[in-house]
Each structure stands twice: as C-alpha cells, then as structure tokens.
Amino acid sequence: MSESSHRQLCYVLKTIPFKERDLIVVLFSETRGKLSAIARNSVQSRRFGGTLDLFTASEFEIDPKTIRLNEMNDETLVQILSAQAKHSMSGLSQSFEKLSGASCLNELLIKGLPAHKASPEIFKLYGNALIGLEETAPELAIAMVNAFILKFTQWLGVQPSLTRCLACEKSLNEVNGNEVFAQVSKGAWICGNCIPERGGLALSKAVILDAYHSMLNPIRKIQFVATPKEHEQLLHFLEQHLLYFVPGLDKVPLSSTRFLKNSN
Ligand SMILES: [Zn+2]
C-alpha cells in the first residue's frame, strides 16, 4: 500500500456513537498510526457490515481531503467512505478472558501510542497478539497481555530491567528463594537477601522468566511457565511501571485490566 493511497489497512480500537446514525472510531492504521475518524450513517449499515467492530482489521477508504485537513489540524476527523473487512477476530468473543485481554491491548494503544505516528512494528505486534489471544487457552490471556505490555515498553524504550538484582547484581539463577521483589520507581527487582524493610511486590522467578522470554521471542512463540496467579502479580507490576514511565499513562491507569484479574 503506498503512502499516497487513501485506502488503508486499519484496526478498530474504539467506537463511540455520534448523533443518531454516525460512529466516531479510533483507528490504528498500518501507514498512519492512530487516528480518529467518522463513519457517517454507519450504525446498522449494511455498507459497513462488521468492519467497524472492535479488533477487526479492515481496508478503509478514506476521503483524501479529510486526510489533508487532519494533517493540518489534529482535531479534524478523517471521514471513512467505505470499508472492507480483511480479518475479523471472531474467536475473541468466545471467551471473557480473551475479550478482556484484547480490550487491554486496545486501551494501552489508545492511551500510550503517539497519534499520527506510523508504528509498523506495533501494528504487526498487535495483529499477532490478537491472533495469539484467539489461539491460546483462556487462562493464558493474561500472560499474552503481559507479553504485549513488555514488548510495548521495549518499543518505547522504557522496558523494565529484569535480568539482575538491582542491589547485588546477581542473576535470577544466582539469587536465593523463589521470589524477587519489584521496585517500581527503578523499573527493576531486588532479591530476598537485599530486600529493604519496606519490601516490594513479590514476583515469582517463573514469572520473571516468562517476562524475559516475552521480550526475546515473537509473541506467538512464547512458552509461558508461570501460573495465571503469578501473571496477575506481574500485570500488577507492569501497570505501575506504565504509570511511572509512559507519558499518557502517567495520570490515567489502565482500567480494563481489572477484568483479567477477577477472572483468575
Ligand atoms: Zn540482591
């Protein structure tokens, strides 16, 4: 797809009903990144079919005039003329955990992805994460979300440093016990021997290993070893990490993660 084309492959991150028959949608475009659009007369419209459903990848035909206006003024919505579904993630809706996981990804992108910035790596990662969520067991949805968050922080350059104890610099294999203790403001952990009085959130060694593998491997190739409960602790840490290190998420924490935590 060329840069000048007004057809764009996009995912739907969010839809907001507007007036009687219109929808305002937040799109994640392969070539233009995150953008807000309006689809007129799209409510219950055959013309749009399921293309405006959340998590669906569609090719959108966008009015080129509105793209130019949008480039000059962020507030101007681009106008969607038509759309053709390419991949609907219908498997997600069969499980509450998977749907909750996919909602977390969308919320993270809406709040943490810079607008109008093409992010082909994140576009690909997001597509693979959705397919991964479809394929995985429902109880592993939370592990997939953690992996996505970790990869997203890598892309932003604010990933936690998880290989060694922050204090004694021993590796995960070298430290005693089965747990280490997260230090949110440092984006790191310390071991049980070095732990100061006030401690920190306990994370199992298994879930730290999952976190390493999440940062090193393609998202659909990760072999998770930690339990869902352990991943719940990791998610708790990652949420605080995002609040601390990611502009856009510093004031508004993720809200959809609560569904994942309650489901385990
Ligand atoms: Zn230590």
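My aim in this report is to walk through the structure given alongside it, one point at a time. (Residues numbered from 1 in each chain as written. Predicted model: local features only at pLDDT ≥ 70, side-chain atom pairs only at ≥ 80, totals over all residues.)

What follows deals with the overall build of the protein. Counting its regular elements, the protein contains seven helices and nine strands. A compact globule built from 264 residues should have a C-alpha radius of gyration of about 18 Å, and the protein, at 20 Å, falls within 12% of that. Taking the principal axes of the C-alpha coordinates as reference, the protein spans close to 60 × 40 × 30 Å. Here the protein holds 264 residues, and 40% of them are scored as buried. (Helix = DSSP H or I, 4+ residues; strand = E, 2+ residues; numbered from the N terminus. Rg over C-alpha atoms; globule rule 2.2 N^0.38 Å. Buried ≥ 20, exposed ≤ 12 C-beta atoms within 10 Å, placed from the backbone.)

This part takes up the packing of helix α2 (residues 96-112) against helix α3 (residues 120-135). With their axes 9 Å apart at the nearest point, α2 and α3 run at an angle of 165° to one another. Between α2 and α3, the angle falls in the class roughly antiparallel. Crossing handedness for the pair α2 and α3: right-handed. Across the interface between the two elements, K98, G101, A102, L105 and L109 from α2 touch Y126, A129, L130, L133 and E134 from α3. (Axes fitted to C-alpha atoms, helices over the stretch in contact; angles between N-to-C directions. Parallel < 35°, antiparallel > 145°, perpendicular 65-115°, else oblique. Left-handed = near helix turned anticlockwise from the far one by under 90°. Contact = placed C-beta atoms within 7 Å.)

In this section: the sheet that holds strand β5 (residues 78-87). With mixed pairing, the five strands of this closed barrel are ordered in space as β1-β2-β3-β5-β4. If you compare each strand with its neighbour and ignore which way they point, the axes differ by 50° on average. In this structure, strand β2 (residues 22-29) lies alongside strand β3 (residues 33-39), joined through seven bridges in antiparallel fashion. Bridge assignment links F28 to a residue of β3, and that residue is K34. Docked against the sheet, helix α1 (residues 64-72) engages β3, β4 (57-62) and β5, running at close to 110° with respect to β5. Packed onto the sheet, α2 meets β1 (7-18), β2 and β3 and runs at close to 95° relative to β1. (Pairing = 2+ DSSP bridges.)

What follows concerns the environment of L13. Tracing the backbone shows L13 in strand β1. Considered as a pair, L13 and F28 are 15 residues apart in the sequence and their alpha carbons are 6.6 Å apart. Beyond its immediate stretch of four places on either side in the chain, L13 contacts V26, L27, F28, N106, L109 and I110.

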